[in-house]
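Here are the chains, one letter per residue:
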Amino acid sequence: MRISEKPLAARLKELGVELHAGVSLSEKTSLGIGGTTDELVLRRFDTIPEVMHLLADEKIPHRFLGGGTNVLIDDGELPWVVLHLPTSQPGMRVEGNAAYVDAAADLGGMVTFCAKRDLGGMEGLIGVPGSVGGALRMNAGAYGTQIGSYVREVELYRAATGAIETVRGNDIRFDYRHTSFAPDDMMLRVKLELPSKPFKEILAGIRVCNEKRRASQPLNQKSAGCIFKNPPGGSAGRMIDELGLKGHRAGDAMVSDRHANFFINAGKASCADMLRLIDDVRERVRSKYGVELENEVILWKN
Ligand code: EPU
């Protein structure tokens, strides 16, 4: 979707929106997959409601992209503009046991920032790639930690009301890789409450998690983390591994030979390649185990 030529481009600029024309989203995603569209960087939170009204009035379809680490985006010319928060110097501050963090901040950066101020609890999240906003929306978790446990308040743009709202942590449901946020809610800022812990102790915890992750996950390859959610009481990675599917491919999309629930872009994989691989593996797991695996990765399909 190209809006650079439309009259509304000038008004968007006045509202502090930065417009990048013809961006390849393959450069914005950890999978290195995704077609082309215009990107709008929302520099001023206070103008977001007006920007969103403008887009709605002009009937311009849009999607919101966070860190791009858990999304599989279609190939070719995309039918939506992509909205993005500025990632340079996101706000982070600590007051007592509370941390106030912009959604665009890097998740690992936030964990370290808090650790240096003797606030812990989130050690398990250290190697989870992505933004704080993306982690909130999915309730990211690893090694027994999930971000939702620490959330006290979230400031978000709620598409349903067209306004910026603050929601209390108690009013949000955080389940396994799922929350009660609406798909089009846009996370802006979060307040977390974290337990006090000496930096050295937090660092020791972080090292253990980093070590476990390095030993079991393909960290230097292009992936979106785990492709499937674990079924209740089971492990998607173990089932796929037991089927002998490590290294199995569809074009350049490949099941990691390190962790079978990580699918890798091993070259120039397209979204179509990745979808073929996902369907193929899901079908094999269904016929062997009778389990229907659910995507953990979020699919943006035309
Ligand atoms: N396993 C295999 N073969 C494999 C992979 C795993 O046999 O190729 C076995 C392991 O030996 C272990 C079991 O399966 O006994 C579980 O594996 P692992 O400890 O790696 O955890 P997981 O359930 O596969 C989950 C999260 C990860 C998170 C890790 C660590 C999901 C879908 N995955 O993986 O999160 O990093 O635990 O806490 O919940 C993600 O969300 O993208 C993600 C990678």
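Placed above this text is the structure.
Residues numbered from 1 in each chain as written. Predicted model: local features only at pLDDT ≥ 70, side-chain atom pairs only at ≥ 80, totals over all residues. Heavy atoms only, no water.

Asker: Looking at this structure, how should I read the packing of aromatic side chains?
Answerer: Where two aromatic rings form a pair, the distance of their centres and the angle of their planes describe that pair. According to the stated counting rule, one finds 3 aromatic pairs in the structure shown. Judged by centre distance (5.6 Å) and plane angle (80°), the ring pair of Trp80 and Trp300 falls under edge-to-face. Of the two residues, Trp80 is situated in the loop between β4 (71-73) and β5 (81-84) and Trp300 in strand β19 (residues 298-300); the sequence distance between them amounts to 220 residues. Taken individually, Trp80 and Trp300 each receive the classification buried, so the pair is uniform in this respect. When the centroid spacing of 6.3 Å and the interplanar angle of 80° are considered together, the rings of Phe174 and Phe181 count as edge-to-face. Since its relative accessible area comes to 16%, Phe174 is described here as buried. (Phe/Tyr/Trp six-rings, centres within 6.5 Å; stacked < 30°, edge-to-face > 60°. Helix = DSSP H or I, 4+ residues; strand = E, 2+ residues; numbered from the N terminus. Buried < 20%, exposed > 50% of the residue type's maximum accessible area, 1.4 Å probe, protein only.)

Asker: In this structure, what is going on with the pattern of salt bridges? I would like to understand it.
Answerer: In a structure, side chains of opposite charge can pair up when their charged atoms sit close to one another. Going through the model one piece at a time under the given rule, you end up with 27 salt bridges. With a shortest N-O distance of 2.6 Å, Arg11 and Glu50 are connected by a salt bridge. Here Glu50 lies in helix α2 (residues 48-57) and Arg11 lies in helix α1 (residues 8-14), a separation of 39 residues in the sequence. When its relative accessible area of 32% is taken as the criterion, Arg11 is described as partly exposed. Several salt bridges share partner residues, and in doing so they unite Arg2, Asp38 and Glu77 into one network. (Salt bridge = Lys/Arg side-chain N within 4 Å of Asp/Glu carboxyl O.)

Asker: Teacher, can you tell me more about the site of the ligand here?
Answerer: Taken together, 20 residues lie near the ligand, and Tyr143, Tyr176, Asn230, Arg238 and Asp241 sit nearest. Within the side chain of Asp241, a nitrogen or oxygen atom sits 2.7 Å from a nitrogen atom of the ligand. With respect to the ligand, the side chain of Glu296 contributes an N or O atom lying 3.2 Å from an oxygen atom. When the ligand is considered free in solution it has 820 Å² of accessible area, and contact with the protein chains removes 72% of it. Elements represented by at least two residues in the shell around the ligand include exactly β15 (223-226) and α6 (236-242). Of the residues contributing to the shell around the ligand, the split by class is 7 nonpolar, 7 polar and 6 charged. (Near = heavy atom within 4 Å. Polar contact = N/O pair within 3.5 Å; in protein donor to acceptor, adjacent residues only side chain to side chain. Areas by Shrake-Rupley, 256 points an atom, 1.4 Å probe, with all protein chains shown as cover. Nonpolar A, V, L, I, M, F, W, Y, C, P; charged D, E, K, R; others polar.)

Asker: In this structure, what is going on with the sheet that holds strand β14 (residues 186-193)? I would like to understand it.
Answerer: The pairing of strands in a sheet happens through backbone hydrogen bonds and is either parallel or antiparallel. Reading across the sheet, the 5 strands line up as β6-β7-β14-β10-β11 and stay open at both edges, with antiparallel pairing between neighbours. Looking at the sheet topology across the chains shown, the edges are occupied by β6 (92-95) and β11 (163-168). Neighbour-to-neighbour, the strand axes of the sheet open up by a mean angle of 15°, direction not taken into account. In this structure, β6 lies alongside strand β7 (residues 98-102), joined through 4 bridges in antiparallel fashion. Within β7, the residue paired with Val94 across the bridge is Ala99. Contacts from helix α3 (residues 107-116) reach β6, β7 and β14 within the one sheet, and its direction differs from that of β6 by about 35°. (Pairing = 2+ DSSP bridges. Axes fitted to C-alpha atoms, helices over the stretch in contact; angles between N-to-C directions. Contact = heavy atoms within 4.5 Å.)

Shape is all these values report; function is a separate question.
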